[in-house]
Amino acid sequence: MPRFPTYDRQQGLSGGATASFQSPGAFTAPAQALADLGDSTADLGHSLNVRQQKVRNSQGDTWLSLARAETALEMQNAQNELRQQATDGAQGYTDMVKARYEQVRQRYLKSAPDDRARQMFDEWSNSYSANVIGDAATFQAESTLSKRNDDFAKAMLAHSQVVLSDPSQYDAVAKRAMDDLAGASQWMTPDQELKARNTVTQELQLARAKAEIQRDPAKFLQEIGVSTPTEAAVVASEIPPEGAALLNTIAGTESPDYNVLNGGERFSSFADHPRRVGRGGTATAAGRYQFVEKTWDRASTAVGAKDFSPASQDRSAWWLAQNDYKANTGRDLMTDMRAGRYTEIRRALGSTWEGLKSLSDSEFASRVTKGSSTLPSFAGGSPNVAGNERFSGLDAGQVLGLQQQAESQVAAISRQEQAAATAQLAQIKGSLQLGIATGDTSITPHTILSSPLLDDDKAQLIKSYNEANEASMAVGRALPLLREGRLGDAIDPYDSKGKKLVDDIYDKTSSAVGEDQRQPLAEEIVQQTGVVPQSVLNSIRKGLTDTNVANVEAAAQQAARIAAINPAALSRRDGGSEVQKRADDFNYFVNSLNMSPEEAAKRIAEMNDPDKQRDRKALEPAAKEFTKQIEGENLAEVFDESWMPFNDPDIGFTEGQALGIQAEYQAIAQEQFFQANGNADIARNRAKEEMKRLYGVTNLTGRPVVMKHPPRALLAEEHGLGRRSIRYRR
């Protein structure tokens, strides 16, 4: 490096700074110094250029790294996007990826910061394109193959569906499927083709088997060499295969089904052991294992059976076999079954099931062995499909699964048939019960007894029939007495049965006569028995509690006539006391207050009106006070029409009559107080005028005395005059 002269700054005259060189020899070689300075400057410039180039290279490297990463990311996203656009097994996917990659590559080439970075990115992108295009081609090829495989699988599924719908199409469909396989084999390896062929055969055979099971599961079981559940079945699934085989053998010597009685008769209800001897039978033995009643009670109690269903019969029979075998031999039945001690088993259980004695030891062993199965829910044997081309494509597990499916289907059909039989029985029984209850005359004891399905219910239905028709028969016996006027001989008016008979008689006879004859009929029944038919009483009560005046009057007149026939008749029936009170009110208004029937009915209708009842309720305190105020009023002045003093008439002939007349005046005044809406003067005046109409003055004893007029209606009828036409004072 050159050495520059050193100097000190000094203050000049003008105040400026001047240089003061310390080395007088500094200028002895100026040319050399300048030369050294030039070399130094040149070195510095080169160094700066190198540094700048490194910076530029670093920037290009950074851009290149970023461009590579972004290119890879963009292509990854682009491939995901393009896969969604590609169709038909990714057809054209590779070309789309190529085009997209070239777009991305050109964009980054244009954005390169310099030629060096551009060249390096170009070299990298050319090598990277091999990976991108290679991956795209691989994906397209795999996708195309997968699409073809999917299409082939869908075609095979469609073929299977055809066979499942119509198994008779199996041969034709199998040929079409093999033709499809031949066309598809061009993109398959030999192993793939063999696997596909086996799969097609298997699926079609499975479809055919399932269709056949759906149509006739029992026939399918025969096809695979297994006995059907209707030939040998145990419903209770928890019983082991050995136990099921033994029970099937026992049932084969006892009964063909779960609903058979000793003698061959079939029963319909599994609610309980039938507990009777069947037609042609000699004992109460019933069911698949022919339980007699006492044995059933013992076994069913042990297993907790709540009914006589097939499953309950199975469980009880299995318990009984184990229990009796233990009692007879001291050994365990299951252990000896597995050990093959069939002779001992047959002989030990022969005392429980007599039918086993009819089998030889070898025959018993053969049946039990043949009936053994690995399927606890079905003891019909194992499938045997060896040499059967119909099942050549299926393995043992698939055949076993088909067997289980068929057995389940047979069991379901059996349950459906049982349910249908039960429903049919319930319908017949219900129809008879309804007919009995409604009095259907087409139902007779013969109808019930002749039904073959009602064996367990006939006794109860006959009992119901007799109970239901007892009333009709009683009515039939009573009608002649009614016509003779002696119905009371058969009726106790205080007995509920007697009242019920009266109701039945009226209901029966009233429906047979005209409407105008029903009231006389009811009154005749009351006359003979002292009992009002309940329907008649209900009609009267409805009328008397109505707010319609005409209805109230009609009901009151009818009640009055019945009360006149028998004063106690109304109160003997439910609701009769209320009717009696209303009838008494009506009679009081007509006979005591001399109102017309229409006026009396209007008064009762107002009493029934809720609005009127509320109004009266509000006036009750004032009415009571008003009644107290008029207690001491002199009624004699009301009837004294002379001008002479001290000529007031006596109120009644006795003190009792006087009190009665005073009480009636107060009652009338109180009612008028309500009618006048609380006006005391109007109520008092109305009451006095009403008393003048009800009472008059007589001189029968030589003195004027107030006494009650006879009812105007009675006088009017006696004299042929209209109501309110009679007025008299003396």
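In case you missed it, the structure is sitting above this.
Remember, predicted model here, so these are calculated numbers, not experimental data.

Asks: I'd love a proper account of the sheet that holds strand β4 (residues 695-698), names of residues and values included.
Replies: The strands that make up a sheet pair up through hydrogen bonds in the backbone, lying either parallel or antiparallel. Strand order in the open sheet formed by three strands is β3-β5-β4, with mixed pairing between adjacent strands. In this open sheet, the two edge strands, each paired with only one partner strand, are β3 (650-651) and β4. Bridge count between β3 and strand β5 (residues 705-708): two bridges; the pairing is parallel. Bridge pairing in β5 places Asp650 opposite Val705.

Asks: Can you explain the pairing of β4? Please cite residues and give values.
Replies: Walk down a regular strand and you will see the side chains alternate between the two sheet faces. Taking every second residue as pointing to the same face, both faces of β4 are buried, with Tyr695 and Val697 on one and Gly696 and Thr698 on the other. Both β4 and β5 contribute to a ladder of four bridges, which runs antiparallel. For Thr698, the partnering residue across the bridge sits in β5 and is Val705. Between the end of β4 and the start of β5, which pair antiparallel, lie six residues, with Gly702 showing a positive phi angle near 95°.

Asks: How would you summarise helix α16 (residues 496-510) if you had to cite specific residues and measurements?
Replies: For an α-helix, 3.6 residues make a turn, and residues three or four places apart therefore share a direction. Between its first and last C-alpha atoms α16 spans 21 Å; for 15 residues at 1.5 Å apiece the expected length is 21 Å, and the two agree. Those residues of α16 that are buried are in contact with α15 (458-484), α17 (515-529) and α18 (534-544). Put simply, Asp495 is the residue that caps the front of α16, since its side-chain oxygen is 3.0 Å from the backbone nitrogen of Lys497.

Asks: Hey, could you go over the packing of aromatic side chains for me, with residue numbers and the actual values?
Replies: The description of an aromatic ring pair uses the distance of the two centres, along with the angle that the planes make with each other. Scanning all chains against the criterion turns up 12 aromatic pairs. Judged by centre distance (5.3 Å) and plane angle (70°), the ring pair of Phe291 and Trp296 falls under edge-to-face. On the basis of an interplanar angle of 20° and a centroid distance of 5.0 Å, the ring pair of Phe626 and Phe673 is categorised as stacked. With Phe626 in helix α22 (residues 610-629) and Phe673 in helix α24 (residues 655-675), this residue pair connects regions lying 47 residues apart in the sequence.

Asks: A description of the nonpolar core should follow, citing residues and the corresponding values.
Replies: Judged by nonpolar contacts, the single largest core of 63 residues is most densely connected at Ile505, Val532, Ile540, Leu544, Ile562 and Leu570. Ranked by size, the runner-up nonpolar core spans 37 residues in total, among them Ala245, Phe267, Ala286 and Ala365.

Asks: Describe helix α2 (residues 93-110), listing the residues and the values that go with them.
Replies: Helix length check: α2, at 18 residues, gives a terminal C-alpha distance of 26 Å against a target of 26 Å (1.5 Å per residue), a fit within 8%. Every buried residue of α2 is accounted for by Tyr93, Thr94, Val97, Tyr101, Val104, Arg105, Tyr108 and Leu109. Taken around the axis of α2, the buried residues stretch over an arc of 135°, which confines them to a single face. Residues of α2 that are exposed and point over 90 degrees away from its buried face: Asp95, Gln103 and Lys110.

Asks: Which residues make up the pattern of salt bridges, and what values do they have?
Replies: Across all of its chains, the model carries 35 salt bridges by this definition. The partner of Glu265 in a salt bridge is Arg276, and the shortest N-O contact between them spans 3.1 Å. Separated by 11 residues along the polypeptide, Glu265 in the loop between α7 (241-254) and α8 (293-303) and Arg276 in the loop between α7 and α8 bring together distant segments of the chain. Taking the relative accessible area as the measure of exposure, Glu265 reaches 6% and is therefore buried. Lys500 serves as the salt-bridge partner of Asp504, at 2.9 Å between the closest nitrogen and oxygen. Placement of both Asp504 and Lys500 in helix α16 is noted, with a separation of four residues, approximately one turn of the helix. A residue is classified by how much of its surface remains accessible, and Asp504, at 18% relative accessible area, is buried. Judged by its relative accessible area of 44%, Lys500 falls in the partly exposed class. Salt bridges sharing partners connect three or more residues here, namely Asp272, Arg275, Glu293 and Asp297.

About the cut-offs
Residues numbered from 1 in each chain as written. Predicted model: local features only at pLDDT ≥ 70, side-chain atom pairs only at ≥ 80, totals over all residues. Heavy atoms only, no water. Pairing = 2+ DSSP bridges. Helix = DSSP H or I, 4+ residues; strand = E, 2+ residues; numbered from the N terminus. Buried < 20%, exposed > 50% of the residue type's maximum accessible area, 1.4 Å probe, protein only. Expected span 1.5 Å × (residues − 1). Contact = heavy atoms within 4.5 Å. Polar contact = N/O pair within 3.5 Å; in protein donor to acceptor, adjacent residues only side chain to side chain. Phe/Tyr/Trp six-rings, centres within 6.5 Å; stacked < 30°, edge-to-face > 60°. Core = buried A, V, L, I, M, F, W, Y, C linked by side-chain atoms within 4.5 Å. Arc of directions from axis to C-beta. Salt bridge = Lys/Arg side-chain N within 4 Å of Asp/Glu carboxyl O.

Geometry only, nothing functional implied.
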